[in-house]
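Read off the chains here:
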Amino acid sequence: SNNDSLVEGLYKAAEQTNEKVWRMPLWDEDYKDMMRSDVADIMNLSVAPVAGAITAAKFLEFFIDEHPNWAHLDIAGVAFGSTEYGKMKSATAYGVRLLTEYILNES
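All values derive from a computational prediction rather than experimental measurement. Within every chain, residues take consecutive numbers counted from 1 along the sequence as written. Reporting of local features is limited, given that this is a predicted model, to residues whose pLDDT is at least 70; pairs of side-chain atoms are given and counted only at 80 or more, and all residues count toward the totals for whole chains, interfaces and linings. Here the side-chain values reflect all heavy atoms present in the structure, with hydrogen atoms and water set aside.

A. Layout of the environment of alanine 14. Numbered from the N terminus, helices here are DSSP runs of H or I no shorter than four residues, and strands are runs of E no shorter than two. With respect to the element layout, alanine 14 can be found in helix H1 (residues 4-17). Accessible area is worked out with a 1.4 Å probe on protein chains only. A residue is then buried under 20% of its type maximum, exposed over 50%, and partly exposed in between. For alanine 14, a relative accessible area of 8% corresponds to the buried category. In the structure, alanine 14 is positioned 81 residues away from glycine 95 in sequence and 8.8 Å away in space, judged by C-alpha atoms. Residues are treated as being in contact if the distance between any of their heavy atoms lies within 4.5 Å. Those residues within four positions of alanine 14 in sequence are excluded, and the remaining contacts are Glu19, Lys20, Val21 and Leu98.

B. Region of interest: the confidence of the model for the protein. Across the protein, pLDDT averages 85, with 93% of residues at or above 70. The secondary structure element of the protein with the lowest average pLDDT is helix H2 (residues 28-31), at 78, and the one with the highest is H1, at 95. Each residue gets a pLDDT score, which is the predictor's confidence in that residue and runs from 0 to 100.

C. Spatial organisation of the side chain of glutamate 19. Relative to the elements of secondary structure, glutamate 19 occurs in the loop between H1 and H2. Of the residues examined, glutamate 19 reaches a relative accessible area of 1% and is grouped as buried. By the criterion applied in these results, polar contacts are pairs of N or O atoms within 3.5 Å in which, for protein atoms, one can donate a hydrogen and the other can accept it, and in which residues neighboring in sequence qualify only through two side-chain atoms. Here the side chain of glutamate 19 touches glycine 95 through a polar contact of 2.9 Å, landing on its backbone nitrogen. Within the structure, glutamate 19 has its side chain in polar contact with the backbone nitrogen of leucine 98 (distance 3.3 Å).

D. Structural context of the packing of aromatic side chains. By convention, a stacked pair of Phe, Tyr or Trp rings (six-membered ring in the case of Trp) has centres within 6.5 Å and planes under 30 degrees apart, an edge-to-face pair has planes over 60 apart, and any other such pair is tilted. A complete count under the given rule lists two aromatic pairs for this structure. For the pair phenylalanine 62 and phenylalanine 63, a centre-to-centre distance of 5.0 Å together with 80° between the ring planes defines the contact as edge-to-face. An aromatic cluster is built from Phe59, Phe62 and Phe63, whose rings are joined through pairwise contacts.

This is the structure in structure tokens:
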């Protein structure tokens, strides 16, 4: 996120729902060049084997038109998990409670 107040609200909601979050750096000097493209305005893929969640946020940041209040929740790693009710992994809905609690806290 680019907004400290939004981050504080997300941290509070994360504590209430036990869906942990942490803020990742969005430093232009470290990550912006990773997504330069020869054929497009921006590449939705880091050229380095690191910082995938960060460059995903940097990609979205490119399109926010300097909006002062946004956040990227990268839930790919926790979107599916094992369950005792089936053989296959199932959706966890990670982030749904977090965002619901955030909205309730803000209203």
